[in-house]
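Residues per chain, in single letters:
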Amino acid sequence: MTTLDKIVSLCKRRGFIYPGSEIYGGLRGTWDYGPLGAELKFNIKQEWWKAMVKNRDDVVGINASIIMNPKVWEASGHITGFNDPLIECKTCHQRFRADQGDIIAEHEKLHKEKKEKIDWTEEKKFNLLVEAKLGVIEGGKNMAYLRGEITQGAHVNFKNVLNSSRLKIPFGIAQIGKAFRNEITPGNFTYRSIEFEQMELQYYIKPDEKESMEFYEFWKNFRMDWYKSLGINPNNLRFREHQKNELAHYARTAWDIEYNTPFGWKECEGIHHRGDWDLSQHQKFSGQDMSYFDEETKKKYIPWVIETSGGVDRATLFFLIDAYHEEKDRIVLKLNSKLAPYKAAVFPLLKNKPELVGKAREIYQMLKANDLTVAWDDRGNIGKRYYSQDEIGTLHCITVDFDTLKDDTVTVRDRDTMKQERVKISELWKILKK
Ligand code: GAP
């Protein structure tokens, strides 16, 4: 059975994800991506960018600042409305989210076992924005915030993008970047962190109830299909609609794409109907006209927004969990070929035979020159090397042996079927590409 502990251990052992600043005892809710994690995350972002920006005519990408004028957060409602309910245990002063009943019950059990008092403070609102102080003069520093969502970078640039491109509504602004939240209870590995990456689309449309719901349904399904197209088992994905009392302050309608994790069904991405909330608020607070002039109808209006907002770290975690398989005598990460950190690994049969090593190096360099991420492994026996590459999801293992020196063929082993075939070096690239 796949457990979160097994995933955490694999990630640390093989260089996907480490605890943040570990040599100093770590920092709760922060994580560092190692060599394989950085590749995997990069591949996920690249596939997202391809599907959401590169392959579309109606979406452009931006890359906005993490630190913005603090007025942005007044306008967006985050200073007043971006809160979680907080309670504090009066016995040990630990703080919890009041809406996480199971965690609270677990905490009460600990005190009960020690025959200690169970006493909580009144619930209060806790703002999630992370504060930053800017300026060079001590005492005269200005308060700013690390962005709580990447969204506002798109909305404050709505007019810039419109005026510097030939886009017409409907169109979208896409972005990938870091966001920060003072989470009360970070946890479940990278699932809830204080620093994380988001990948978002803000899609601007006419203010029309019926049309907006058609776009909403389109993007909801488009995003679900994206996860499926990258190999997530469809049985582990579902939609969940937000109840009225769960809706964020900006959302008229919200559905989550959830993934079936070892710790329950959890949110992976949110699809939100934001109406005219953001642009109207920025118009009010900045005094700038944020409306759109429709040349066909000669009418001016504040566009509505359909948003798709996914977490890169959550997607990375869920792709890892979904790919993790324990088979008879191996652990294998069956990552989709577009996401796997290494597309191939090249092995010389013996590392003390210069002619084998030289030939294997040639193949390794040839594949790298063809834009493939390739691993090199000459440690231990071939069985151990297969085991090691399976565990990190490498698609193909290529072994150079003594026959290679005679007939220019190599053995190619497939990660999933474990089948081996003899392939001509001249056809290797073509076969791997397929
Ligand atoms: N712009 C809308 C927005 O930010 P959200 O539902 O608060 O909506 C969107 O966040 C996505 O960002 C989530 O579905 C999740 O994937 C990711 N996310 C949010 N908070 C996170 C956290 N503390 N750690 C990791 N990912 C997080």
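Residues numbered from 1 in each chain as written. Predicted model: local features only at pLDDT ≥ 70, side-chain atom pairs only at ≥ 80, totals over all residues. Heavy atoms only, no water.

### A short note on the layout of surface pockets
- By volume, the second largest pocket is sized at about 690 Å³.
- Lining the second largest pocket are 25 residues, and of these Ser 337, Lys 343, Leu 372, Leu 395 and Leu 432 sit closest to its centre.
- Looking at the lining of the second largest pocket, the elements that each hand over two or more residues are helix H2 (35-54), strand S22 (409-414) and helix H14 (425-433).
- The element that contributes the greatest number of residues to the lining of the second largest pocket is H2, accounting for six residues.
- Considering only residue class, the lining of the second largest pocket consists of eight nonpolar, six polar and eleven charged.
- Looking at the lining of the second largest pocket, you find at least three residues from each of domain 1 (3-82 + 128-322) and domain 3 (342-433). (1 Å grid on protein atoms, 1.4 Å probe; cavity = no way out; pocket = protein on both sides within 12 Å on 5 of 7 lines; lining within 4 Å. Points joined across faces, edges and corners; volume = space filled by probe spheres on them. Helix = DSSP H or I, 4+ residues; strand = E, 2+ residues; numbered from the N terminus. Nonpolar A, V, L, I, M, F, W, Y, C, P; charged D, E, K, R; others polar. Domains from an automatic or database assignment.)

### Brief notes about the site of the ligand
- Near the ligand, the surroundings consist of 23 residues, among which Glu 149, Thr 151, Glu 200, Glu 267 and Glu 307 are the closest.
- Here a nitrogen atom of the ligand sits 2.6 Å away from a polar atom, N or O, in the side chain of Glu 200.
- The contact in question runs from a nitrogen atom of the ligand to an N or O atom on the side chain of Glu 307, over 2.7 Å.
- Look at the ligand: alone it shows 550 Å² of surface, and the protein chains cover 94% of it.
- For the shell around the ligand, the elements supplying multiple residues, two or more each, are strand S10 (195-205), strand S13 (264-275) and strand S16 (304-311).
- The class makeup of the residues in the shell around the ligand is four nonpolar, nine polar and ten charged. (Near = heavy atom within 4 Å. Polar contact = N/O pair within 3.5 Å; in protein donor to acceptor, adjacent residues only side chain to side chain. Areas by Shrake-Rupley, 256 points an atom, 1.4 Å probe, with all protein chains shown as cover.)

### Points about the sheet that holds strand S20 (residues 374-376)
- Read from one edge of the open sheet, five strands run S20-S19-S21-S22-S23, paired in mixed fashion. Every other strand in the sheet has two partners, leaving S20 and strand S23 (420-424) as the edge strands with one partner each. Sheet twist, expressed as the average angle between the axes of neighbouring strands with direction ignored, equals 30°.
- Both strand S19 (residues 344-348) and S20 contribute to a ladder of three bridges, which runs parallel. Bridged to Ala 344 within S20 is Val 374.
- On top of the sheet, helix H12 (residues 382-391) reaches S19, S20, strand S21 (396-400), S22 and S23; it is set at about 165° to S19, its chief contact.
- Contacts from H14 reach S19, S21, S22 and S23 within the one sheet, and its direction differs from that of S23 by about 120°. (Pairing = 2+ DSSP bridges. Axes fitted to C-alpha atoms, helices over the stretch in contact; angles between N-to-C directions. Contact = heavy atoms within 4.5 Å.)

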